[in-house]
Amino acid sequence: MEGGNSPHVQLQQIPVATAAVSVQPHADSFSYKENLIGALLAIFGHLVISIALNLQKYSHIRLAGSKDPRAYFKTKTWWCGLFLLVLGELGVFSSYAFAPLSLIVPLSAVSVIGRYVLSFVGCGLAIVGTYLLITFGPNSHEKMTGENITRHLVSWPFLLYVLVEIIIFCLLLYFYKEKNANYIVIILLLVALLGSMTVVTVKAVAGMIVVSIRGNLQLNYPIFYIMLVCMIATAVFQATFLAQASQLYDSSQIASIGYILSTTVAITAGATFYLDFTGEDVLHICMFALGCLIAFLGVFLITRNRKKSVPFEPYISMDAMPGMQNMHDKGIAVQPDLKASFSYGALENNDNTPEIYTPATLPIVQEQHGSRGVSAPPYRVLEHSKKE
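Cut-offs and rules
Residues numbered from 1 in each chain as written. Predicted model: local features only at pLDDT ≥ 70, side-chain atom pairs only at ≥ 80, totals over all residues. Heavy atoms only, no water. Helix = DSSP H or I, 4+ residues; strand = E, 2+ residues; numbered from the N terminus. Buried < 20%, exposed > 50% of the residue type's maximum accessible area, 1.4 Å probe, protein only. Polar contact = N/O pair within 3.5 Å; in protein donor to acceptor, adjacent residues only side chain to side chain. Contact = heavy atoms within 4.5 Å. Axes fitted to C-alpha atoms, helices over the stretch in contact; angles between N-to-C directions. Parallel < 35°, antiparallel > 145°, perpendicular 65-115°, else oblique. Left-handed = near helix turned anticlockwise from the far one by under 90°. Nonpolar A, V, L, I, M, F, W, Y, C, P; charged D, E, K, R; others polar. Expected span 1.5 Å × (residues − 1). Arc of directions from axis to C-beta.

Colleague: Break down the side chain of T75 for me, citing the residues and quoting the values.
Modeller: Among the structural elements, T75 can be located in the loop between α1 (2-64) and α2 (76-95). The exposure class assigned to T75 is buried, which follows from its relative accessible area of 2%. A polar atom in the side chain of T75 sits 3.0 Å from the side chain of S59. For T75, the side chain forms a polar contact with the main-chain nitrogen of W78, separated by 3.5 Å. Excluding residues within four positions of it along the chain, T75 makes contact with S59, L63 and R70.

Colleague: With reference to specific residues and values, describe the packing of helix α7 (residues 156-177) against helix α8 (residues 184-213).
Modeller: The contact between α7 and α8 brings their axes to 10 Å, and the two run at 150°. By the criterion of interaxial angle, the relationship of α7 to α8 is roughly antiparallel. Crossing angle aside, the handedness with which α7 passes α8 is left-handed. Packed against α7, whose contacting residues are F158, Y161, E165, I168, F169, L172, L173 and Y176, the element α8 presents I186, I187, L189, L190, L193, L194, S196 and M197 at the interface. When grouped by side-chain class, the residues that make up the contact of α7 with α8 number 14 nonpolar, 1 polar and 1 charged.

Colleague: Go over α2 with me, naming the residues and quoting the values.
Modeller: An α-helix turns once every 3.6 residues. As a result, residues three or four positions apart point the same way. With 20 residues, α2 extends 29 Å between its outermost C-alpha atoms, agreeing within 8% with the 28 Å of an ideal straight helix rising 1.5 Å per residue. Burial in α2 covers these residues: T77, W78, G81, L84, G88, G91, V92 and S95. The arc that holds every buried residue of α2, seen down its axis, measures 140°, which confines them to one face. More than 90 degrees from the buried face of α2, the exposed residues found are K76 and F83.

Everything listed is a geometric property; what it means functionally is a separate question.
In structure tokens form, the structure reads like this:
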């Protein structure tokens, strides 16, 4: 009997073991599916945002170049751009609920590709980097419940990270406000530090909303409203510093440097708060880092090759006139000569200057009115020499 029962017991154990093994690939495929959904939502959102910004820019340019007295917010093009902008932001907002933060943040390179399609090499590198980010991105998924977010919020790695970030932020703000250090790196580092808190809170808020929609209500937790207030506050201050940077520097510099700094700081914040890379092997982490570096290089090349607009100068430089002496290098003031009669563009009298460069004065000559009530021109240009 014992010999007959032992094979039966062993046969009963085999299906249990195979069933236990088959659960893990199903879970992995489901997590990769969520990663793909989040990545597609982020790419779609950034592309729509890029189109929306171009539509609004086109509306402003068209109104500025025409005699249309309407304001920009009364045009259909601007409202269409605003609708697409909201749609794109909703897509990016929803993507945080499906995929890890460290995967979603670097995908903002897609919006740079849509705005500056001037470098084929840069676009190619950005696309390759995006592919590596999606393929080797972190695969950690956790329900965004109130208990989990509170547990992450009071964990010692995140508290240490917040302490270091506050110290760096206060130092940068001191140099920016008190020492007038208006360097682009300092301003965009302030934006990146605020942006890291923004993306952490956005993922928490979006995740809790999705969990609530699925049936497990999370809106009754105080942590939801704390994260919501932090998200709005950091986004407002981030927009303020970005507006100040746009007044001092070119948009291409802001796009490239801002993308690199914001992505690096946001990935660090996500890895500290949500533990995105826990359980990932070294190969996946190295390939993900390589994808980030390739995307950084692609964005830099795209914005680097952008043509810079030359401001219009409504005058002719003295250096551009052949044979004219350069008076700026000698420190001589160039002012109109108002000591004699009316003159246009007169320089200070200089005996060493050749007679050909002596300015022509326009003396005022009163002439008699002609017959039949036709008035003659009140001024007449007279030829004269330097002796006069």
